Number of protein chains: 2
Amino acid sequence: MGLSGRKKKILAAVVEEYIRTAEPVGSKTVAQTTDLGCSSATIRNELAELASMGYLEQPHTSAGRVPTPQGYRMYVNELMQRQKLSLEETEEINRSLNEKMRELDKLVSNVGALASSLTNYPAMAIAAPPPATIKRFDLIYIDANTFIIVAMMSNNSVKNKLVHLPVSVGQDMIQRLSSVFNANFTDITEERITPLLIRSTERAVDDTMGLTGVIASFAISILSESQTAEACITGANRLLAQPEFRDPAKAHALMSYLSDAEHLHDLDAIDCGGDVRVLIGPENVAEELRDSSVVLASYDMGGDTKGLIGVVGPTRMDYSAVAAKLSLIARALSERLGGGIAPPPGLDNKLIIKGDINEQ
Amino acid sequence: MGLSGRKKKILAAVVEEYIRTAEPVGSKTVAQTTDLGCSSATIRNELAELASMGYLEQPHTSAGRVPTPQGYRMYVNELMQRQKLSLEETEEINRSLNEKMRELDKLVSNVGALASSLTNYPAMAIAAPPPATIKRFDLIYIDANTFIIVAMMSNNSVKNKLVHLPVSVGQDMIQRLSSVFNANFTDITEERITPLLIRSTERAVDDTMGLTGVIASFAISILSESQTAEACITGANRLLAQPEFRDPAKAHALMSYLSDAEHLHDLDAIDCGGDVRVLIGPENVAEELRDSSVVLASYDMGGDTKGLIGVVGPTRMDYSAVAAKLSLIARALSERLGGGIAPPPGLDNKLIIKGDINEQ
DNA sequence: GCTGGCACTCTCGAACCTCGAGTGCTAATA
DNA sequence: TATTAGCACTCGAGGTTCGAGAGTGCCAGC
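In short, a report on the structure.

1. Re the packing of helix H1 (residues 5–21) of chain B against helix H4 (residues 69–79) of chain B
All names here are of chain B. Contact geometry of H1 with H4 gives a least axis separation of 10 Å together with a crossing angle of 110 degrees. The angle between H1 and H4 places the two elements in the roughly perpendicular class. When the axes of H1 and H4 are compared, the crossing they make is left-handed. Contacts between H1 and H4 involve Lys8, Leu11, Ala12, Val15, Glu16 and Tyr18 from the first element and Gly71, Tyr72, Met74, Tyr75, Glu78 and Leu79 from the second. Residues that form the contact of H1 with H4 fall into these classes: 8 nonpolar, 1 polar and 3 charged.

2. A word on the protein's contact with DNA strand D
The environment of DNA strand D is made up of 21 residues, and the closest members are A:Ser27, B:Ser39, B:Thr42, B:Thr61 and B:Ser62. Counting only the atoms of DNA strand D within 4 Å of the protein, the fraction contributed by sugar and phosphate is 76%. Taking A:Ser62, its main chain carries an N or O atom lying 3.4 Å from a sugar or linking oxygen of DNA strand D. Within the side chain of B:Ser62, an N or O atom sits 3.1 Å from a base oxygen of DNA strand D. Those elements giving two or more residues to the surface near DNA strand D turn out to be helix H3 (40–52) of chain A together with helix H3 (40–52) of chain B. With 4 residues, the top contributor of residues to the surface near DNA strand D is H3(B).

3. Details of the nonpolar core
Of all hydrophobic cores here, the largest spans 60 residues; its most connected members are B:Leu11, B:Tyr319 and B:Ile329. Here this core gets 11 residues from one element, more than from any other, and that element is helix H12 (residues 319–337) of chain B. The contact partners of B:Leu11, leaving out residues within four places of it in the chain, are B:Leu3, B:Leu50, B:Tyr55, B:Leu56, B:Gly71, B:Met74 and B:Leu79. The next biggest cluster of nonpolar side chains, apart from the first, holds 58 residues, and it includes A:Leu79, A:Val108, A:Val278 and A:Ile309.

4. Comments concerning the protein's contact with DNA strand C
Around DNA strand C sit 21 residues in total, of which A:Ser39, A:Thr42, A:Thr61, A:Ser62 and B:Ser27 are the nearest. A breakdown of the atoms of DNA strand C within 4 Å of the protein gives sugar and phosphate a share of 78%. The contact in question runs from a base oxygen of DNA strand C to an N or O atom on the side chain of A:Ser62, over 3.0 Å. One of the side-chain N or O atoms of B:Ser27 is found 2.7 Å from a phosphate oxygen in DNA strand C. At 4 residues, the largest contribution of residues to the surface near DNA strand C is made by H3(A).

5. As for the side chain of B:Ser327
Its location among the elements puts B:Ser327 in helix H12. Dropping the residues within four chain positions of it, B:Ser327 is found in contact with B:Asp275 and B:Val276.

6. Concerning the sheet that holds strand E10 (residues 305–314) of chain B
Residues and elements named next belong to chain B. Pairing in this open sheet of 5 strands is antiparallel, and the strands run E7-E3-E10-E9-E8 from one edge to the other. Two strands lie at the open edges of the sheet, namely strand E7 (230–234) and strand E8 (276–280), each paired on one side alone. Direction aside, the axes of adjacent strands within the sheet are offset by 15 degrees on average. Bridge analysis of strand E3 (residues 123–128) against E10 gives 6 bridges, and the strand direction is antiparallel. Residue pairing for E10: isoleucine 126 is matched across the bridge by leucine 308. Lying over the sheet, helix H11 (residues 261–268) contacts E3, E7, strand E9 (292–302) and E10, oriented at roughly 70 degrees with respect to E3. Packed onto the sheet, H12 meets E8, E9 and E10 and runs at close to 15 degrees relative to E9.

7. Focus on the sheet that holds strand E8 (residues 276–280) of chain A
All names here are of chain A. The strand order across the open sheet built from 5 strands is E7-E3-E10-E9-E8, with neighbouring strands paired in antiparallel fashion. A strand with exactly one partner marks an edge of an open sheet, and here the two such strands are strand E7 (230–234) and E8. For this sheet the average axis-to-axis angle between neighbouring strands, irrespective of direction, equals 15 degrees. As defined by bridge partners, strand E9 (residues 292–302) adjoins strand E10 (residues 305–314) across 10 bridges and the pair is classed as antiparallel. Following the sheet pairing, leucine 296 is matched in E10 by glycine 310.

8. Concerning helix H5 (residues 87–100) of chain A
Owing to its 3.6 residues per turn, the α-helix aligns residues three or four sequence positions apart on the same side. For H5(A), spanning 14 residues, the distance from its first C-alpha to its last is 20 Å, which sits close to the expected 20 Å at 1.5 Å a residue. Looking at H5(A), one finds that the buried residues are A:Thr90, A:Ile93, A:Asn94, A:Ser96 and A:Leu97.

Rules and cut-offs
Residues numbered from 1 in each chain as written. Chains lettered and ligands numbered in written order. Predicted model: local features only at pLDDT ≥ 70, side-chain atom pairs only at ≥ 80, totals over all residues. Heavy atoms only, no water. Axes fitted to C-alpha atoms, helices over the stretch in contact; angles between N-to-C directions. Helix = DSSP H or I, 4+ residues; strand = E, 2+ residues; numbered from the N terminus. Parallel < 35°, antiparallel > 145°, perpendicular 65-115°, else oblique. Left-handed = near helix turned anticlockwise from the far one by under 90°. Contact = heavy atoms within 4.5 Å. Nonpolar A, V, L, I, M, F, W, Y, C, P; charged D, E, K, R; others polar. Near = heavy atom within 4 Å. Polar contact = N/O pair within 3.5 Å; in protein donor to acceptor, adjacent residues only side chain to side chain. Core = buried A, V, L, I, M, F, W, Y, C linked by side-chain atoms within 4.5 Å. Buried < 20%, exposed > 50% of the residue type's maximum accessible area, 1.4 Å probe, protein only. Pairing = 2+ DSSP bridges. Expected span 1.5 Å × (residues − 1).

In structure tokens form, the structure reads like this:
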């Protein structure tokens, strides 16, 4: 059953006013802030109906109205004007993203920090890589007791490790190890590196010093590391600025929940369908998030890798602004990272991302 | 002017009771918890004197006594029994440190997390590296459009970067670049890499494609990165469990202050004199820390590098337990990292592995 | 169907009260 | 002289009362 045009306008006005002030909204206020030419008495009737339909509720008999989760949902789905970011904001985001791109390995936490400072809510960032394999090994001979392992991964990241040996090794041995590892350890997953494989490799290169084991365990560790999604939360302190968290017990409960990376991974399972996804209050699975809202956006990190940025706040959240900002960040990141081969990041390439998400 | 034996006992009792309960301590309670054979009236007289000496204060006329910062200072300096950790606690710390040592590049944040979870206060960790230089460049030729830069640093860490080119490059060019960079860019600090040097290098290798610039800017970025101290704060949410931060405005102020890494660096300047350093309330320089306390311990990371771990909490902090735990962590870390001999962490082979895993 | 009017309801804050913990002082005691 | 018991006093925490104000629901009239 759809809502009449006037009901929609009134509901939107209540939600927006409540988002702004965090105070229950009365009929008089609505009459003043909207341009429907009718009196507060009429609005009262409409408000009563909206309440009986489940979109609004009253904290107590003689207070104004507050949106229910269902009310927010209606607002987000149908009433909300997708906010247009100003040119300055768009440029600001693009500029700071260009900066963050320089340190790719800190990308996840940096992007989270950016989202948090832009929205003024705690933000989380998660990057769930697809299973990667090693594409290529290089062993750099430094001196008789030292060499560097360099492994290039299928996702175009490169890992390295410096190895010091208590014994001397010849350059020829390093050479042999390199070609054997390139032959036997590339393009395979972690579980394919069995003790059996290591032992047979050891025999093949005539290795009596356990070098094979060192390189193999390095391979195992980077493969397993590349599988575990990175997750972090930034700006948790901003939660305390929200009046709904004036109760320290509540704030503590939510912050503790969020500061456990385990819990963040749960969010990773949520599908954003390419765009921004909003989870309002009880729509969240986790008990601790039941009276907060989460806005998520996923971005393409290239090669099937999906990254996720999200923002947590009270259900009274500025969905429109947050969604617009996250969406822009996500699209800007996708453009920079996605599309197959990662462009040489940071240097001279200046990609401009349009901030207009008004279409749709 | 020294305190009489009885006054010391009473002051210690007040501090400890207040630390335990967060409630002002009355004369009756002191009489019960200490074994001085005297009545509450006598204690009252002593308390009044301790108050007039500045060690205690009364929140209001008819309340118990609360230690002043000066009182805590006296307690920490002279009265506190240096807590002995139980064997289990010691082992627990050693065990989890061994685990953390596997991921050297996350050491800083991991150690912070350990300190925080052990003490139940927010913890910070800072590592200030000594200036490092690049000892050696290797360029790995992948294909006509791709190569990897590998740079070995004077502090034995290794950095790398994958470079994609829009144009083709021959293996000979890579070779030439490699030897020129090894000749001109090793053992120098960041500011010695001038535009002039880059231009002359460019001419020397006959580089028309800006490759020199790419490698040089990589060198600059890893040199500057190696100079900036890493700092992070963990477990900020634990602050909210403390009754003194029941006021969300206070909690917010402190948390915002702490979440800015800039501010953490200020702490780095503080000298711990090899052991644990306690800063009580107004002894802190930063305005925001004026009614909190900070406990710091520094550890030796080897090669002149100093790391710092610290804990923040209300002035009513369990100094004895916190100091004992931080001190143990710091000593354990010094043992593992400092003094040149780093024991092989984790891996079950007899080779000594140093270095870290970097992603670029 | 909309509006103004009106009685009603409920919260919030101020003012007030009481209870109890803890003090400071004094006079008696070892 | 140091300690103690006794007692009057102080002050905050927590409960109660009360009036003001905001907002509602309903009704009769337009």
